[in-house]
Structures are given as C-alpha cells and as structure tokens.
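Residue-level structural notes
What follows is each chain in one-letter form.
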There are 2 protein chains.
Amino acid sequence: MSLGEFELIERYFSRPVSRAALGVGDDCALLAPRPGMQLAVSSDLLVEGRHFLSTVAPDRLGHKALAVNLSDLAACGAEPLAFTLSLSLPRADPEWLEGFAAGLFALADAHGCELVGGDTTRGPLVLNLTVFGEVPAGQALLRSGARAGDDLYVSGTLGDARLALEVFRGTLTVPSGDFERVRTAMERPTPRVALGQALRGIATGAVDLSDGLVGDLGHVLRRSGVGATLWADALPRSAALRALPLRWQHLCTLAGGDDYELLFSAPAAQRAAVQDAAARCGVGVTRIGQIDAEPGLRCVDAEGQALDLQVRAFDHFHSS
Amino acid sequence: MSLGEFELIERYFSRPVSRAALGVGDDCALLAPRPGMQLAVSSDLLVEGRHFLSTVAPDRLGHKALAVNLSDLAACGAEPLAFTLSLSLPRADPEWLEGFAAGLFALADAHGCELVGGDTTRGPLVLNLTVFGEVPAGQALLRSGARAGDDLYVSGTLGDARLALEVFRGTLTVPSGDFERVRTAMERPTPRVALGQALRGIATGAVDLSDGLVGDLGHVLRRSGVGATLWADALPRSAALRALPLRWQHLCTLAGGDDYELLFSAPAAQRAAVQDAAARCGVGVTRIGQIDAEPGLRCVDAEGQALDLQVRAFDHFHSS
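Keep in mind it's a predicted model, so treat the numbers as computed, not measured.

**Examining the overall build of chain A**
When helices and strands are counted, chain A shows 10 helices and 11 strands. What you see for chain A is a C-alpha radius of gyration of 20 Å, in line with the 20 Å of a compact globule of 320 residues. Taking the principal axes of the C-alpha coordinates as reference, chain A spans close to 65 × 50 × 35 Å. Carbon and sulfur atoms form 51% of the exposed surface of chain A, whose accessible area is close to 11,800 Å². One finds the centroid of the 28 positive side-chain charges in chain A at a distance of 4 Å from the centroid of its 38 negative side-chain charges.

**Here's the deal with the interface of chain B and chain A**
Facing the 67 residues of chain B at the interface are 67 residues of chain A. Carbon and sulfur atoms supply 58% of the area buried between chain B and chain A, which totals about 5,200 Å² over both sides. Measuring nitrogen to oxygen at the nearest pair gives 3.3 Å for the salt bridge that ties Asp27 of chain A to Arg143 of chain B. Here chain B is connected to chain A by 20 residue pairs in polar contact (both at pLDDT 80 or more). Considering each element in turn, the side of chain B that touches chain A owes the most residues, 9 residues, to strand β2 (residues 37-47) of chain B. Across 3 bridges, strand β2 (residues 37-47) of chain A lies against strand β1 (residues 29-31) of chain B in antiparallel orientation. From the neighbouring strand, Leu39 of chain A faces β1 of chain B, where its bridge partner is Leu31 of chain B.

**A look at the sheet that holds strand β9 (residues 262-266) of chain B**
Residue and element names in this part refer to chain B. Pairing is mixed across the open sheet formed by 6 strands, whose spatial order is β7-β9-β6-β10-β8-β11. The open sheet has two edge strands with one neighbour each: β7 (205-208) and β11 (296-300). The average angle at which neighbouring strand axes cross in this sheet is 25°, direction not considered. Relative to strand β10 (residues 285-292), strand β8 (residues 227-231) runs antiparallel, the two being bridged by 4 bridges. Looking at the pairing, Leu230 lines up with Gly289 of β10.

**Let's talk about the UniProt feature "binding site: substrate" (unreviewed entry) in chain A**
UniProt annotation of "binding site: substrate" (unreviewed entry) refers to His51, Asp258 and Phe314 of chain A when read in the numbering used here. Relative to the helices and strands, His51 of chain A is located in the loop between β2 and α2 (58-76).

**A short note on the pairing of strand β3 (residues 79-89) of chain A**
Residues and elements named next belong to chain A. With respect to burial, β3 is a largely interior element, 10 of its 11 residues being buried. Relative to strand β5 (residues 126-136), β3 is paired through 9 bridges, and the arrangement is antiparallel. Its bridge partner being in β5, Leu87 is matched across the sheet by Leu127. Note that β3 and strand β4 (residues 114-122) share 8 bridges and pair parallel. Bridge pairing in β4 links Phe83 to Leu115.

**Things to note about helix α9 (residues 246-255) of chain A**
Residues and elements named next belong to chain A. Taking burial as the measure, the 10 residues of α9 include 7 buried ones, the bulk of the element. For α9, the full list of buried residues reads Trp248, Gln249, His250, Cys252, Thr253, Leu254 and Ala255. Of the residues trailing α9, Gly257 is marked for its positive phi of about 85°.

**As for the sheet that holds strand β6 (residues 151-155) of chain A**
All names here are of chain A. On the basis of which strands lie adjacent, the open sheet formed by 6 strands has the order β7-β9-β6-β10-β8-β11 and mixed pairing. Either end of the sheet is taken by a strand with one partner, and the two such strands are β7 (205-208) and β11 (296-300). Looking at each pair of strands side by side, their axes are set apart by 25° on average, direction ignored. Along the sheet face, helix α7 (residues 213-224) touches β6, β7, β8 (227-231), β9 (262-266), β10 (285-292) and β11 and points at about 150° away from the line of β8.

**With respect to the state of the cysteines**
One pass over the structure, following the stated rule, counts 0 disulfides over all chains. The thiol of Cys76 of chain A is unpaired, and the distance to the nearest cysteine sulfur, on Cys28 of chain B, comes to 3.5 Å. We classify Cys76 of chain A as buried; its relative accessible area is 0%. The cysteine Cys299 of chain B is free of any disulfide, with Cys252 of chain B supplying the nearest cysteine sulfur at 14 Å. Of the residues examined, Cys299 of chain B reaches a relative accessible area of 2% and is grouped as buried.

**A closer look at the pattern of salt bridges**
Residue and element names in this part refer to chain A. Summed over the entire model, instances satisfying the criterion amount to 35 salt bridges over all chains. Residue Lys64 pairs with Asp258 through a salt bridge whose shortest N-O separation is 2.7 Å. Of this pair, Lys64 sits in helix α2 while Asp258 sits in the loop between α9 and β9; the two residues are 194 residues apart in sequence, bridging distant segments of the chain. Given the relative accessible area of 5%, Lys64 is considered buried. Note that Glu294 and Arg298 form a salt bridge whose closest N and O atoms lie 3.8 Å from each other.

**Observations concerning empty space enclosed by the protein**
All names here are of chain B. Tallied over the full model, the rule gives 1 cavity of 30 Å³ or more. The computed volume of the largest cavity comes to approximately 30 Å³. Arg19, Ala20, Leu31, Ala32, Pro33 and Leu81 are the residues that line the largest cavity. Its residues assigned to classes, the lining of the largest cavity shows 5 nonpolar, no polar and 1 charged.

The rules behind the values
- Just so you know, the residues in each chain are numbered from 1, in the order the chain's sequence is written.
- Labels follow written order: the first chain is A, the first ligand is 1, and so on.
- Local features are withheld for residues below a pLDDT of 70 in this predicted model, meaning they are given only at 70 or higher, and side-chain atom pairs are given and counted only at 80 or more; totals for whole chains, interfaces and linings count all residues.
- Heavy atoms throughout the structure, all of them, feed into the side-chain values; hydrogens and water do not.
- Secondary structure counts use DSSP, requiring at least four H or I residues in a row for a helix and at least two E residues in a row for a strand, with both numbered from the N terminus.
- Each radius of gyration is computed over the set of C-alpha atoms, and the globule rule expresses the reference value as 2.2 Å times the number of residues to the power 0.38.
- In these tables, accessible area is a Shrake-Rupley quantity obtained with a 1.4 Å probe, and a residue counts as shielded only by the protein chains included in the view.
- For the charge count, each Lys or Arg is scored as positive and each Asp or Glu as negative, with His and the chain ends excluded.
- Where a charge lies is defined by one atom per residue type: Lys uses NZ, Arg uses CZ, Asp uses CG and Glu uses CD.
- Whether two residues are in contact is decided by their heavy atoms: any pair within 4.5 Å suffices.
- Here the quantity called buried area is the total loss of accessible area, with a 1.4 Å probe, experienced by two parts when brought into contact, counted for both.
- Within this document, salt bridges are pairs made up of a side-chain nitrogen of Lys or Arg and a carboxyl oxygen of Asp or Glu, the two lying within 4 Å of each other.
- Any pair of N or O atoms that falls within 3.5 Å is considered a polar contact. Within protein, one atom must be able to donate a hydrogen and the other to accept it, and sequence-neighbouring residues count only if both atoms are side-chain atoms.
- Strands pair, by our definition, only if DSSP identifies at least two bridges between them.
- Think of each axis as a best-fit line through the C-alpha atoms, taken over the contacting stretch in the case of a helix, with angles from 0 to 180 degrees between the N-to-C directions.
- UniProt positions are given in the numbering used here, feature names are shortened, and annotations may be inferred rather than shown by experiment.
- Whether a residue is buried, partly exposed or exposed follows from its accessible area with a 1.4 Å probe, protein chains only, as a fraction of its type maximum: under 20%, in between, or over 50%, in that order.
- Note on disulfides: each one is a pair of cysteine sulfur atoms within 2.5 Å.
- Think of a 1 Å grid over the protein atoms and nothing else: a 1.4 Å probe that fits but is trapped marks a cavity, an open set flanked by protein within 12 Å on at least five of seven lines marks a pocket, and residues with an atom within 4 Å of a point count as lining.
- Grid points are joined across faces, edges and corners, and a volume is the space filled by probe spheres set on the points.
- Only Asp, Glu, Lys and Arg are considered charged, only Ala, Val, Leu, Ile, Met, Phe, Trp, Tyr, Cys and Pro nonpolar, and every remaining residue, Gly among them, polar.

See the structure below:
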C-alpha cells in the first residue's frame, strides 16, 4: 500500500482545532494567545537509534515524542496549547502510522494540546515537534532564578530510564516485572505539566531532566550564578533501582538521562507550599539538596562524605 | 576537532534577542506577540538527498532552510518574528557550521527574524525550522479565500529551480552562465516576505509555490471550493527556460517545485492595487489566469487550446 504525502496527512494528522485560530492545511497555522500571556516555545528532534530504539512500539514513540516537548513546557510553568509535527519516514506504513497517531493524540488530548501543522517526507526515521504553551507574562519559571539558600527538589523518581537502557544494552539484568516497569519509564515518560504550572510563584528556578541530573543542574547553576550541594542518597529511586549496587544507583540517578522529571529550587519558606502543590498534582517531590553561594556542584552521601562526580551530562555529540 | 552539543550551540547558534522575551538557552523561548496580533507558525523539514543535494554549499543551505519557511509566512501576509532550528548532523564540522550559520543569519537579519531555540544532535543530515510571524487578527491571507471571477497572479518567474535540478540529473544541458543563474534560483530562493504583507487587504487567497504550480494551485481551489483557468503561455519564465523546447517550459513552470514564489488571487477591481504593491516591493507579478465557479483546473495555450495536464504536484512520498 502506498500513501501520498497529502493523503497521509489527511488520514492521520488532520484534526479540527478549537483553541487555535487556524490548524493544519494552510501555509501557516494561526495562534491567538490570550491577552497578558506570553507564548512558550520548545522544539525537540528525535532520531532513531539515538533518542529511541528501533524496537519501540509506535504508540509509545508517539507518546514520547510529545511528552519530551510537554516536559519543556512544564519546566517553564506553561499551559500546553498546540504543537507542530515534522515526520521523516522510510515508508508510509499505515499500521505504524495508526499506532504512532494513537499514542501521540492520546497524550495531546489529555493536555488539550492541538496539532496545528507540520511536514512529512520520506527519509530516515526522524521526528521534530515544536510545542506552544501559554504563561502569564513575567511568570515563567526560568533556569536563571535559583538563589543561594534555596532548597533543591526533584519530582518523581530518577534513573529508571537509564536502567532500562542498560538492560537493553546487556550490561545489567533485572527481574522481568521490574524490566517492564523501567522500560515503561523509558518509553512512556509522564511530563509534569500540572506540577510546573502549580509551581509558578513558588519555585525560583526550574529545568526538566532530559540529559541527566548533574548535567541539567549544571545549566541552572551556570545561568543562576550559584553552586549547589546534592544529597546522593536522598535521590528518589524505584525499588528496581534500589536492588542494584550503589555504583549503578548513583550512575542512573545522577547521570541517567531521559527522566523527564522537574528539578526546581524554592526558598525554605515555601516548603509547605511546594508539598501542597505536589499533593494537588498527585506527584511526589523530594528535597535533594540546596543551592549554595559558592560556585560548583558538591555531591555528598548520607554521612556527608563527598562523592567523586565521575559522571557527566548525556551529550548527543559525545556519547555513542 | 570534536565539539560537544552545548559548545556547538554556544559557538554558532547563541545570539542575543531583542524582539523575543527570552531566546536560546532555557527550556522554552518566550514570545510576546503585540496586542491584536495573531501568531503565524510554519514548520519545514529538509532531508539531505531529498530536499537538497549533498553538493550544496553550507551557506546556501543555511539560507534556503530559512527561506522556505519565510516563504510560508509571506503566503500568509505575516511579518517574520522568530524561528527555532533543529539540526541533526553526521558530525560537528566547524567549517560547515560556520558557513551554514553565515547563510542562515544573513537572511534572518535581513528580515529581523531571531533564532530563539532549537535542538542539535548527531544523526543523518536533517534540518527542521519552525518560524513565527505576526499578522493582524483576521487579516492573514488564506488558501480558502479565492472567489470566482478573481484574477490569478504569480510573483517572479517559475521553473528555474526545476531546470537546475534537471541539469544536475543530466537530463538537460544549458550554457554555463544560465546554469549559475538557475542553480542560484534552486539553492538560494528569495522569499516574497514584503509582497505578502503588501497584499493584505488586496489579495483574496494566497499560497507559496513549493511543490509546483499545478499542485499548489490545487490546494487553493480545493479549500476555496472553486476552479481555475491557467494561461500556460503567460507563465513568467527566465530567458534560460525560454531557450528550451516548449514541453520542458511547460513541465518546469507547471510542475517545477521549489519556486518559492507567491500564487495569489485578487478581484479585477484590485488590478492597480496589485501592481502598486508589487512595484513598492520591487517584485514583478504576472496575471496568469482566473478563478472560475466551475470546479477543476483548465490549462490553455495562447490560442486558447486546452493543454493536457500530465503533470502533478511534487510529492515527497511518490517521487524518487
């Protein structure tokens, strides 16, 4: 079966819009942000074999492609509004497209995020999504807002996606029930969209964890002009990860990548407000350290002993 | 020399913004459209070997990647504001990146269009740009606005990009001076940004020509619920193209692809206004037919004889 580009768009990717002024099918989509709102924009490129394995089910890939972008909106405290999808495909396979669209639109609908445009072409399997969200002017959570003395928090648990990757790579083995759970963490991350919005006015700085805690925290510290102390043994992690040697626990939590949790700072006076916001959103948040005036990142264990940070950010140009 | 992702972004793609509220370097960029403005959004994916030849100079590729997106804004009558760039590269080659960035930013600066974000990764050579423009609410030029009786116009000349492609393919030969000119048309198209804005309130419908005149006109006719008559011998074309057999002239103008000219409709009462707008923008526009109430596309030669339209839109899933 061969589908042309326009038939393909029509069949799988043309849906009416209600929030955008104009959706798929013209030269441009038209968005009309509400008065007083700024438009938050983020774009992520996903390449087969680098950002996802060729074994991933198409519905999970559809979910993940949008989830990683919604996670960027969450880190800014923005409400999702719309997205564009660019899709390069080796072939137009209806079964694959149906699965991909199902996973993509299930997550989009859950967040009221409308597909408004994009592009399709034949080529290597590559996806690019650009997402748009609204945030009240001046209220976006930024990487530059962390202040010395602030508490440091993370949502959910860390390291399961990396653990799953290591199992796929054959460097680790875990019981099969655990494998399904960590594989789901890797393939079907949950963007913390409600939490990000709930933290507006409470958190001072935020970032979403895509490249690993140490690397992403580094962006916050650099842009905020501060340092931090991390409590390695306080990092929240699943039972599956806790069953592994401590060395692996540290690697997966500190340098895991693909966590899509929120890392944020907030003044100590906001501790109750942080926990209230998290409870309202049904997401766990854990205090994992503090922001220091002294530059640099220090990592200590439960006894206060310094850990050697021989871990680094996941870098798509350095790692293999 | 090996460059990491963050160093690469920093060196070539981090520039201060003045119109956007927040540029490259956070989870999201922040745009603040002016009151009463809608945000026009378009996204284009370019894959090596399909949308550009591997022989293209990097500065020309940088130019073209943005030009094809600005052309979409032009077709809506929008003023360019900002763009995101996603770049998948086989390797981080400083010489290539420098050339690419030079071509990209020269065109961006000429239109006051700021880079506000994006993504870079290692992978096959693939580019995705998403552009943002502003248009007064309700004034965007749409594909759905053509009305029976309207004149049909096109800007510039058609077919040179296709002619150049055929020379690269070895199916045609042209004198070397001509080759440089048509090659430049293919590799360095000029988006009709000023003309698109000047046509607001004058044109009834518009589309930019990326897939070929017949195919792109088809989108307008379908969405406007009308038909059209095209005057094949009135189609504006270069001296290089006019030197070829008429069969090639028809193929290249009617189904060329990669023209990035504006095709638009306007009431007969607006003929003087159309020519005034074009003259103010320094762009030629040519009347090439008319919109009919009767559905379908008819193509006639200078004697009024019907031409068989054995040409079709360039389709990235059907053509090789």
